[in-house]
Amino acid sequence: MSSSSALSSVASSTLFPTVKQNASNTPIQGKNPIALRLYKILGTNFDDGATREALQTLSEFYKHSGTSKKTLPGSSLEYKHDEDLGTTRKPAVFNAVSGELAARARKNLRRDMENKLAEGSQQFLKALGEVDEKVMELQKHVDMMRASCDEAETHFERTRHASKDLLQRAGSLREERLEAERKRMVATAFLQRFTLTKEETEAITEREIPVGERFFAAMDKADRIRDDCRLLMSGEDGPTQAGMDIMAAISSHLEQGYEKIFRWCSNEFRQLSWDMHYEVDPVLCESIQRLRARPELLSEALSILSETRQATLLNAFTTALTRGGPSGLPRPIELHAHDPMRYVGDMLAWVHQAIAAEREFLESLFAMKSDGRMMGSVREFDENAEEEDWTRELMDHGIGKLCVPLKIRVLQTVRSQESSIVSYKIANLLQFYLVTMRRTLGENAVVSKTLEEITGVAYRAFFDSIDAQGHALIRIPPDLDDPSLLPSLAILDHCQILREIMAVYQSSLLGDEDEHTRVSGFRKVLDMMVDPVLEAIVITSEEKKKLRPNWDQAVYVLNSMTYFQTVLELYQFTTEKQDVIQAIVDGRVNLLINDHYENIMYDAGLKQATEICGTHQRQEPLSHVPGMQPSDLQQSLHQFSMWLSGPEVVHSARLSHLTLQRYHAKIHQAALERVTRAYMSICEHVKSPENKYEAAATLLGSERPFGQGHLLYHIFGLEEAQA
């Protein structure tokens, strides 16, 4: 049970016992104040927080049951806690004591509260007394401190009045110091921006300090100072004395720096004479780029470089010709002078390699970007690029010295050759390097012009050689002891030379030429080598025919022409000359067809009858003309029938000497076709009533082919559609 419930219960049972009984038995009559008060108390809700807190405080105030000896507030009654009480008696004693305490509490509540409040007030007064003593003591200390502060303030005022002038002077000095510091910082920044340090000046002017990053950094700063000084002097106030002094000093340092770069580059260029393949130092590239600001110094330095490279390349070329490489490998080029192709090829290859190395060196020296050109492709020159002009000029000067010994040795080799094949190979090799140099260096380069001159001399020597061979071929007398109808040995040798020359030309083509270029490049060679052969074939055949009448001139000419044609058929760039020879061959084939036809007509016995039929004027019947009378015609037809039974129908002994069987078949079949048409013409004349042949059908049918032209086609193996 809580303390509030206990108090309510005690109050109800002790103070108002009668009322409680009446309340349970009978209703309250009227408005009895005590009853109303009682009901109000009994109807009070103790769940309220404030009420519960008050009751709890009151309960704590009267909680004395746990003490050994207690005296109720406001009473002299003492009670003693009985430690000897048994468990059976303890609840009863506790209830009695609690009831007594509750009764006393209800009776003396106000007094107890007042006593408690008085007791607390006494304690509070005691504590405030102690505080008051401490505050009085603190007041004494404060008074002492106030007196000290007043004394210090008085002393400070006297001091302030005494040091007022000094403070003002110190303030003005402080401001002057700040102004001086500001000016010092401005002056320091100005000097740092517009002057060189001692180390930078030494890097530019001192010869002991090499050209390098430190030197270039000092030069860059000097250039920057000069540019800034120009801006400074271009203000509204015009140039100042300081600006002019700075400009003069910096210009002097820059000139000394450029002089130092020039001297260093000149020394480096002179060192290049010891090494043909020199790897360019980035410092040297940077120096060349900086010397572009002084064109006169750069030109002089490049002149030294040109002279050095001339001597270096010439010395290296002479060494390669006479001494060879280190330890004799590769061997000296002069050792191969007995082999013209290798000798000339090695010299040209060395020069080409030297040009490539020199070009690479100069491109590295001038820091030129690679153009991405493929090997052997045409180089596109930028005429507006200053570096390209320098490179081409230096290469012309450097390689120009090589052209003299190269030209002397190549021309000596070319002029000493007797073989046209070797001459053409050398000329073709020179032409190849000429094209390569033009693509690499341009047409105006010294090497290109030198090779152009040498190539022209080589081709003239070659053309002179083949021209002499052609004239010699015409002047060769025919061999009367040779009954062969094949080309002569001289013609065969000439064709072999031509075949080798064509093979050389074919191998020299780069593959990107069009058909017109390929044909025109070899047209002159064909004219000078083919035309004399054709002329020699005709002249030889005519002279031999005069000396040997039985010798077959037509077959010989056709064999020689077709052999020469087969030599040219191997290469496409000879199509023009093949067409010319083919026209000649076709003309000779037609002549041989006519000749073969005449021979067949004579052998077959139809020549006389065909001629009479062709010249008959129809003034008298054909049967009355001598040679076409029935008896004569019968004899001719019998001879023709006998000829049809011989081997000449399928194979001609004369045409068997032709080297190309296709011409044998073509000529023989063309002649047989004409024979067939001639026989059919005779049959038509015989069958014509105007010619008055008796029993014409019987006359023609007595001998093969019995007057039937289509049967003759079958015998000859011809097609009737060809008629």
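Residues numbered from 1 in each chain as written. Predicted model: local features only at pLDDT ≥ 70, side-chain atom pairs only at ≥ 80, totals over all residues. Heavy atoms only, no water.

> Would you mind showing me how to read the overall build of the chain here?
Tallying secondary structure elements over the chain gives 24 helices and 2 strands in all. Within the chain, the proportion of its 723 residues that are buried is 37%. Here the contacts in the chain between residues at least 6 apart in sequence split such that 71% fall between residues at least 24 apart. Total accessible area on the chain stands at roughly 43300 Å², and carbon and sulfur atoms take up 54% of it. (Helix = DSSP H or I, 4+ residues; strand = E, 2+ residues; numbered from the N terminus. Buried < 20%, exposed > 50% of the residue type's maximum accessible area, 1.4 Å probe, protein only. Contact = heavy atoms within 4.5 Å. Areas by Shrake-Rupley, 256 points an atom, 1.4 Å probe, with all protein chains shown as cover.)

> So what exactly am I meant to see when it comes to the environment of Glu 418 here?
Here Glu 418 lies in the loop between helix H13 (386-415) and helix H14 (420-441). Residue classification places Glu 418 among the exposed positions, given a relative accessible area of 75%. Along the primary structure Glu 418 and Ala 461 are separated by 43 residues, whereas in three dimensions their C-alpha atoms are 9.4 Å apart.

> Can you help me understand a nonpolar patch on the surface in this one?
Taken together, the side chains of Phe 124, Leu 125, Leu 128, Val 131 and Val 135 present a nonpolar region at the surface, about 460 Å² in accessible area. Along the chain, the position of Leu 128 falls in helix H6 (residues 109-194). Its relative accessible area of 39% is what places Leu 128 among the partly exposed residues. (Patch = residues over 30% accessible without salt bridge, like charges linked within 9 Å, V, L, I, M, F, W, Y side chains within 5 Å. Salt bridge = Lys/Arg side-chain N within 4 Å of Asp/Glu carboxyl O.)

> What exactly am I supposed to notice about the confidence of the model for the chain here?
Detailed reading of the predicted coordinates is not advisable wherever pLDDT is low. Of all residues in the chain, 86% have pLDDT values of 70 or greater, and the mean over the chain is 82. For the chain, per-element mean pLDDT is lowest for helix H1 (residues 3-15), which scores 40, and highest for helix H15 (residues 446-475), which scores 92. Contacts for the low-pLDDT stretch residues 1-29, under 50 throughout, to residues beyond four places or in other chains number 24 contacts. Residue range residues 64-90 is modelled with pLDDT below 50. Its contacts to residues more than four positions away, or to other chains, number 31 contacts. (pLDDT = per-residue confidence, 0-100.)

> Hey, could you run me through the packing of aromatic side chains in this one?
Here a ring pair, both rings aromatic, is described through the centre-centre distance and the interplanar angle of the planes. Evaluated as defined, the whole model comprises 17 aromatic pairs. Judged by centre distance (6.4 Å) and plane angle (70 degrees), the rings of Tyr 424 and Tyr 459 are edge-to-face. You can see Tyr 424 sitting in helix H14 and its partner Tyr 459 sitting in helix H15, a full 35 residues away along the chain. Taken as a pair, Tyr 424 and Tyr 459 share a single burial class, namely buried. The aromatic ring of Phe 463 is capped on one face by Lys 524, whose charged end is 4.3 Å from the ring centroid. Taking NZ or CZ as reference, Arg 674 lies 4.3 Å from the ring centre of Tyr 597, over its face. (Phe/Tyr/Trp six-rings, centres within 6.5 Å; stacked < 30°, edge-to-face > 60°. Lys NZ or Arg CZ within 6 Å of the ring centre and 35° of its normal.)

> Which parts of the structure should I look at to understand the pattern of salt bridges?
If the charged atoms of two oppositely charged side chains come close together, the side chains can form a pair. Scanning the entire structure with this criterion turns up 27 salt bridges. Here Glu 358 ties to Arg 309 by a salt bridge, and the two come within 2.8 Å at their closest N and O atoms. Separated by 49 residues along the polypeptide, Glu 358 in helix H12 (residues 340-365) and Arg 309 in helix H11 (residues 295-322) bring together distant segments of the chain. For the pair Glu 358 and Arg 309, a shared accessibility class is recorded, and that class is buried. Close ionic contact of Glu 673 with Arg 677 constitutes a salt bridge, the shortest N to O distance being 3.1 Å.

> Help me understand H13, please; the structure alone is not making it clear to me.
Counting along an α-helix, one turn takes 3.6 residues, and residues three or four places apart therefore face a common direction. Over its 30 residues, H13 runs 42 Å from end to end, which matches the ideal 44 Å to within 8%, given 1.5 Å per residue. Residue Gly 400 marks the point of greatest curvature in H13, where the axis turns by about 35 degrees. (Expected span 1.5 Å × (residues − 1). Bend = angle between axes of the 7 residues up to and from the residue.)

> I would appreciate a short explanation of the packing of helix H22 (residues 661-687) against helix H24 (residues 709-716) in the present structure.
What describes two packed helices is the angle between their axes and the distance between those same axes. The interhelical angle for the contact between H22 and H24, taken along N-to-C directions, is 160 degrees, at an axis separation of 10 Å. The pairing of H22 with H24 is recorded here as roughly antiparallel in orientation. As H22 packs across H24, the resulting crossing turns out to be right-handed. Two secondary-structure elements touch here, H22 through Leu 672, Val 675, Thr 676, Tyr 679 and Met 680 and H24 through Gly 709, Leu 712, Tyr 713 and Phe 716. Per-class residue counts for the contact of H22 with H24 are 7 nonpolar, 2 polar and no charged. (Axes fitted to C-alpha atoms, helices over the stretch in contact; angles between N-to-C directions. Parallel < 35°, antiparallel > 145°, perpendicular 65-115°, else oblique. Left-handed = near helix turned anticlockwise from the far one by under 90°. Nonpolar A, V, L, I, M, F, W, Y, C, P; charged D, E, K, R; others polar.)

> Is there a simple way to think about unusual backbone geometry in this case?
Residues apart from glycine generally show negative phi values, whereas peptide bonds are mostly found in trans. Here the amide bond leading from Arg 704 into Pro 705 is cis, since omega sits at 5 degrees, within 30 degrees of zero. For Ala 367, which is not glycine, the phi dihedral falls at a positive 55 degrees. The residue Ala 367 is located in the loop between H12 and H13 in this model. Owing to a relative accessible area of 52%, Ala 367 belongs among the exposed residues under this scheme. Located in the positive-phi region is Lys 692, a residue other than glycine, with phi close to 55 degrees. Among the residues examined, Lys 692 registers a relative accessible area of 56% and is labelled exposed.

> Just checking my understanding: could you explain the side chain of Arg 294 for this structure?
Within the fold, Arg 294 resides in the loop between helix H10 (282-291) and H11. Classification of Arg 294 by relative accessible area gives buried; the value is 14%. The contact partners of Arg 294, leaving out residues within four places of it in the chain, are Arg 226, Glu 255 and Tyr 258.

> What should I look at first to understand the state of the cysteines in this one?
Here, disulfide denotes a covalent bond that connects the sulfur atoms of two cysteines. Using the criterion set out here, one finds 0 disulfides in the structure. As a non-bridged cysteine, Cys 613 has Cys 683 as the owner of its nearest cysteine sulfur, 9.6 Å distant. (Disulfide = S-S within 2.5 Å.)

> Where do I start with the environment of Glu 279 in this structure?
As for its position among the elements, Glu 279 is in the loop between helix H9 (241-271) and H10. Remark: the alpha-carbon pair of Glu 279 and Ser 364, spanning 85 residues in sequence, is separated by 8.4 Å.

> Which parts of the structure should I look at to understand the nonpolar core?
Looking at soluble globular proteins, one finds that nonpolar side chains tend to be buried together. Phe 269, Leu 365 and Ile 501 are the most contacted members of the largest nonpolar core, which totals 127 residues. Aside from chain neighbours lying at most four places away, what touches Phe 269 is Leu 284, Ile 288, Ala 301, Ile 304, Leu 305, Thr 308 and Leu 365. (Core = buried A, V, L, I, M, F, W, Y, C linked by side-chain atoms within 4.5 Å.)

> Explain the packing of H9 against H11 to me, please; I cannot follow it from the model alone.
Between H9 and H11, the least distance of the axes is 9 Å, while the angle of their chain directions is 10 degrees. The orientation of H9 relative to H11 falls into the category roughly parallel. In this structure, H9 uses Tyr 258, Glu 259, Phe 262, Ser 266, Phe 269 and Arg 270 to contact H11, whose residues at the interface are Leu 297, Glu 300, Ala 301, Ile 304, Leu 305 and Thr 308. Grouping the constituent residues of the contact of H9 with H11 by class yields 7 nonpolar, 2 polar and 3 charged.

> What is the right way to look at the side chain of Thr 562 in this model?
Note that Thr 562 resides in helix H18 (residues 553-568). We classify Thr 562 as buried; its relative accessible area is 2%. Polar contacts involving the side chain of Thr 562 include one to the main-chain carbonyl oxygen of Leu 558, which spans 2.8 Å. If near-sequence neighbours (up to four positions away) are discounted, Thr 562 is found in contact with Val 585, Thr 659, Leu 660 and Tyr 663. (Polar contact = N/O pair within 3.5 Å; in protein donor to acceptor, adjacent residues only side chain to side chain.)

> I would appreciate a short explanation of the environment of Gly 709 in the present structure.
Examined against the element boundaries, Gly 709 turns out to sit in helix H24. Since its relative accessible area comes to 11%, Gly 709 is described here as buried. Gly 709 sits 26 residues away from Cys 683 along the chain, and the two C-alpha atoms are 8.7 Å apart. Those residues in contact with Gly 709 that sit more than four places away from it in its chain are Thr 676 and Met 680.

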